[in-house]
Amino acid sequence: MPRKPSSDKPAAARAKKPASAAPRKSAAKTEKRGSPAVKAAPAAAKTAPKKAAAIEPKPAPTPEQIRAKAYELWLARGAAHGQHESDWFEAERLLAARG
């Protein structure tokens, strides 16, 4: 009569696992000597850095504001015609700088 194996597992399950199925060693253990170890960043570094107080952008001047300022500039120049574009651009620049 054949001997009964000491384990309850079937013979196929008791067979040795192939080398490819063996558990892998961690990267830290398999590194060559002298090479720097790659370490995980600390948990604090994974969180987003705190932002400084949010600086909201200045709202752009409205066309009505630019028009009124350009009219003031035109009057200040003596109401001379032919310079309306330079008055408009100067009004935009002044209003943008003022914020």
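Residues numbered from 1 in each chain as written. Predicted model: local features only at pLDDT ≥ 70, side-chain atom pairs only at ≥ 80, totals over all residues. Heavy atoms only, no water.

Novice: Can you walk me through the overall build of the protein chain in this structure?
Specialist: For the protein chain, the helix and strand inventory stands at five helices and zero strands. Along the protein chain, from the amino end to the carboxyl end, the secondary structure elements read α-α-α-α-α. In the protein chain, which comprises 99 residues, the proportion classed as buried is 5%. In the protein chain, the proportion of contacts linking residues at least 24 apart, taken out of those at least 6 apart, comes to 39%. Taken as a whole, the protein chain presents about 9700 Å² of accessible surface, with 59% of it coming from carbon and sulfur. (Helix = DSSP H or I, 4+ residues; strand = E, 2+ residues; numbered from the N terminus. Buried < 20%, exposed > 50% of the residue type's maximum accessible area, 1.4 Å probe, protein only. Contact = heavy atoms within 4.5 Å. Areas by Shrake-Rupley, 256 points an atom, 1.4 Å probe, with all protein chains shown as cover.)

Novice: Is there a simple way to explain the side chain of Asp87 in this structure?
Specialist: Turning to its location among the elements, Asp87 is positioned in helix H5 (residues 84-98). Contact partners of Asp87, with chain neighbours within four places excluded, come to Ala70, Leu73, Trp74 and Arg77.

Novice: Is there a simple way to think about the environment of Gln65 in this case?
Specialist: Of note, Gln65 is situated in helix H4 (residues 63-76). Along the chain, Gln65 and Glu92 lie 27 residues apart, while their C-alpha atoms are 8.7 Å from each other. Here the side chain of Gln65 touches Thr62 through a polar contact of 2.8 Å, landing on its backbone nitrogen. (Polar contact = N/O pair within 3.5 Å; in protein donor to acceptor, adjacent residues only side chain to side chain.)

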